[in-house]
Amino acid sequence: MKKNKITLVAVIILVLANATASKVAAQDLKGNISISGAFALYPITVKWAEEFKKINPNVKIDIQAGGAGKGITDVLSKVTDIGLVSRDLNAAEFKKGAFAIAVTKDAVIPTISATSPYKKVLYEKGVKKEAFNHIFITGKYKTWNNLGFKSEAPIHVYTRSDASGAAETWAKYFNKKQEDLQGVAVFGDPGLAQAVKRDPSGLGFNNIVYIYDTKTNKPTNGVVPVPIDLNNNGKLDPDENFYDDIDQLIAAIVSGKYQSPPARDLYFVTVNKPTNPIVKEFIKYILTDGQKFVQEAGYIKFSKEKIAKELEKVK
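Analysis parameters
Here the residue numbering is sequential within each chain, running from 1 through the sequence in written order. Local features in this predicted model are restricted to residues of pLDDT 70 or higher, and side-chain atom pairs are both shown and tallied only at a pLDDT of 80 or more, whereas totals for entire chains, interfaces and linings draw on every residue. Side-chain measures were taken over the full set of non-hydrogen atoms in the model, leaving aside hydrogen atoms and water. Secondary structure elements are defined from DSSP: runs of H or I of at least 4 residues count as helices, runs of E of at least 2 residues count as strands, and each element is numbered from the N terminus. Partly exposed residues are those whose accessible area sits between 20% and 50% of the maximum for their type, while under 20% is buried and over 50% is exposed, using a 1.4 Å probe and protein chains only. The contact criterion used is simple: two residues touch if any of their non-hydrogen atoms lie within 4.5 Å. Note on areas: Shrake-Rupley, 1.4 Å probe, and residue coverage restricted to the protein chains presented here. Residues scored as positive are Lys and Arg, those scored as negative are Asp and Glu, and His as well as the terminal groups of each chain are ignored. Each charge is placed at NZ for Lys, CZ for Arg, CG for Asp and CD for Glu. Two strands qualify as a pair provided DSSP detects at least 2 bridges between them. The definition of a right-handed crossover adopted here requires that, viewed with the strands pointing away, the path from the first strand over the helix to the second runs clockwise. UniProt positions are given in the numbering used here, feature names are shortened, and annotations may be inferred rather than shown by experiment. pLDDT measures how confident the predictor is about each residue, on a scale from 0 to 100. Counted as salt bridges are all cases of a side-chain nitrogen of Lys or Arg within 4 Å of a carboxyl oxygen of Asp or Glu. Only protein atoms enter the 1 Å grid used here. Points where a 1.4 Å probe fits but cannot escape make up a cavity, open sets with protein on both sides within 12 Å along at least five of seven lines make up a pocket, and a residue lines them when an atom lies within 4 Å of a point. Grid points are joined across faces, edges and corners, and a volume is the space filled by probe spheres set on the points. The nonpolar class holds Ala, Val, Leu, Ile, Met, Phe, Trp, Tyr, Cys and Pro. Asp, Glu, Lys and Arg form the charged class, and all remaining residues, Gly among them, are polar. Aromatic pairs are defined between Phe, Tyr and Trp rings, using the six-membered ring for Trp, whenever the two ring centres lie within 6.5 Å; interplanar angles under 30 degrees are classed as stacked, those over 60 as edge-to-face, and all others as tilted. Lysine and arginine charges are scored as sitting over a ring when NZ or CZ, respectively, is within 6 Å of the ring centre and within 35 degrees of the ring normal. Given the number of residues in a helix, its expected span is that number minus one, multiplied by 1.5 Å.

Chemist: What should I look at first to understand the overall build of the protein chain in this one?
Modeler: A count of helices and strands for the protein chain gives eleven helices and nine strands. With respect to the principal axes defined by its C-alpha atoms, the protein chain has extents near 90 × 45 × 30 Å. Burial status across the protein chain gives 51% buried among its 315 residues. Partitioning the intrachain contacts of the protein chain with sequence separation of at least 6 by distance along the chain shows that 74% fall at a separation of at least 24. Carbon and sulfur atoms make up 54% of the accessible area of the protein chain, which amounts to about 14900 Å² in all. Averaging the positions of the 44 positive and the 33 negative side-chain charges in the protein chain gives two centres separated by 5 Å.

Here it is, written out as structure tokens:
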């Protein structure tokens, strides 16, 4: 009996020692991480940084939004440790040493003002991909009567002025590039949302987190999605109408009903495989414990298989 008591005490001491060692190890992680890039990734990266610093109070993380173009430029020129990139990387970027780790997923959604006089009918009919192409790419559709409305009012088209993953992804939906997009160019995701919000005749595109309020899960930020008529039958069928709240939209993205593009993976990019211990630990945290914040923040969680694949990149 005495021996068992000694063994139990030894086990308790060992557990407490391990817990203390883990706590010390977390507190011993010191240094700075600099991050810049995509507006799409900015909100969730801020959340991840806040939570990571609770565990590692001696780590300082500086995060700046500015668009995917800024993110990739900054990291490849070694101005920052991590670039936030909301589009697929190209061969030239990989040749310069870009190393991409997918951390979550979202989608680019066409948007109109919540005050748009066309909203009700658009939610009955949807808009065909071909029509979006004629608005954003060819410029053939210039007035709302091109979409079946009895109105000669012009469609005020908005796009992005910065090198943007959202714009590149929206253009890729039509097999084009950002430079091919028509419209008044506005800086940043918040800026584009504000421009559309203020213009009842406006049409733009935004990332999910700039459309929906993550507390209510509803599109309550002054802009609303424009439904896509996926089967081109001239009406919005029940299985195409999944824009009422974030959960419905995320389910449509996960199932592939809302296709990629305009859905897309979001990346942390480093120069070559990360070797900085602080950067590696931050990315590992994001791909493990940090994933619990993804869906509540308006993003899409990866499958276990996808997570395992991305974690391999930081071993």
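Don't stop here, the text continues.
Chemist: Before we go on, may I ask you to explain the pairing of strand 1 (residues 31-37) in this structure?
Modeler: For a regular strand, the rule is simple: side chains alternate between the two faces of the sheet. Among the seven residues that make up strand 1, five are buried, leaving the element largely enclosed by the rest of the structure. Relative to strand 2 (residues 59-65), strand 1 runs parallel, the two being bridged by seven bridges. When the sheet's bridge partners are listed, Asn-32 is paired in strand 2 with Lys-60. Taken together, strand 1, helix 2 (residues 42-55) and strand 2 constitute a β-α-β crossover, and its handedness is right-handed. In terms of strand pairing, strand 1 meets strand 3 (residues 82-85) through three bridges, oriented parallel. By the bridge assignment for strand 3, Ser-36 is matched with Gly-83.

Chemist: Please clarify how the UniProt feature "domain: PBP" (unreviewed entry) in the protein chain should be interpreted in this entry.
Modeler: Cross-referencing UniProt, the feature "domain: PBP" (unreviewed entry) maps to residues 29-289 in the present numbering. As a span, residues 29-289 carries 31% helix and 23% strand, and end to end its C-alpha atoms are 17 Å apart.

Chemist: Please explain the confidence of the model for the protein chain as it appears in this structure.
Modeler: A low pLDDT score tells you not to read the predicted coordinates there in detail. Averaged over all residues, the pLDDT of the protein chain is 92; the fraction at 70 or higher stands at 91%. Contacts of residues 5-26 to residues separated by more than four positions or lying in other chains number two contacts, the stretch itself having pLDDT below 50.

Chemist: Just to check I follow, could you spell out the side chain of Lys-280 for this structure?
Modeler: Mapped onto the elements, Lys-280 comes out in helix 10 (residues 277-286). For the buried Lys-280, no salt bridge exists, and the shortest N-O distance to an oppositely charged side chain is 6.9 Å, to Glu-281. What Lys-280 contacts, discounting residues up to four positions off in sequence, is Pro-274, Thr-275, Val-314 and Lys-315.

Chemist: How should the environment of Pro-274 be read in this particular structure?
Modeler: By the secondary structure assignment, Pro-274 is in the loop between strand 9 (263-271) and helix 10. Each C-alpha atom, one on Pro-274 and one on Ser-116, is 47 Å from the other, the two residues being 158 residues apart in sequence. Apart from the residues within four sequence positions on either side, Pro-274 is in contact with Phe-99, Ile-101, Val-279, Lys-280, Ile-283, Lys-313 and Val-314.

Chemist: Would you explain empty space enclosed by the protein in this entry?
Modeler: Here the idea is plain: a probe the size of a water molecule rolls over the atoms and shows the empty space left. Under the defined criterion, the tally for this structure stands at one cavity of 30 Å³ or more. Of the voids in this model, the largest cavity is the one considered here, and its volume is about 30 Å³. Lining the largest cavity are Ala-38, Phe-39, Ala-40, Gly-67, Ala-68, Ser-86, Arg-160, Ser-164, Gly-165, Ala-166, Asp-189 and Asn-207. Class assignment of the residues belonging to the lining of the largest cavity gives a composition of five nonpolar, five polar and two charged.

Chemist: So what exactly am I meant to see when it comes to the packing of aromatic side chains here?
Modeler: The geometry of an aromatic ring pair comes down to the distance between the two centres and the angle between the two planes. Summed over all chains, the structure comprises 19 aromatic pairs. Centre to centre, the rings of Phe-136 and Trp-170 are 5.6 Å apart; their planes meet at 85 degrees, and the pair counts as edge-to-face. A residue pair is termed long-range when its members are at least 10 positions apart, and Phe-136 in helix 6 (residues 129-136) and Trp-170 in helix 7 (residues 165-172) qualify at 34 residues. Grouping residues by exposure puts Phe-136 and Trp-170 together as buried. Looking at Lys-129, its charged tip hangs above the ring of Tyr-173, at a distance of 4.5 Å from the centre. Above the ring of Phe-302, the side-chain terminus of Lys-306 is found at 5.2 Å from the ring centroid.

Chemist: Got a minute to help me understand helix 2 in this structure?
Modeler: Residue pairs three or four apart in sequence face the same way in an α-helix, which turns once every 3.6 residues. The first and last C-alpha atoms of helix 2 sit 20 Å apart over 14 residues, in line with the 20 Å expected at 1.5 Å per residue. Ile-44, Thr-45, Trp-48, Ala-49, Glu-51 and Phe-52 are the residues of helix 2 that are buried. Packed against the buried residues of helix 2 are strand 1, strand 2, strand 3, strand 4 (98-113), strand 9 and helix 10.

Chemist: Help me out: how do you make sense of the layout of surface pockets in this one?
Modeler: Within this model, the largest pocket holds a volume of roughly 390 Å³. Forming the boundary of the largest pocket are 20 residues, of which Arg-87, Asp-88, Glu-168, Thr-169 and Lys-172 lie nearest the centre. Broken down by element, the residue count for the lining of the largest pocket peaks at four residues, all from helix 7.

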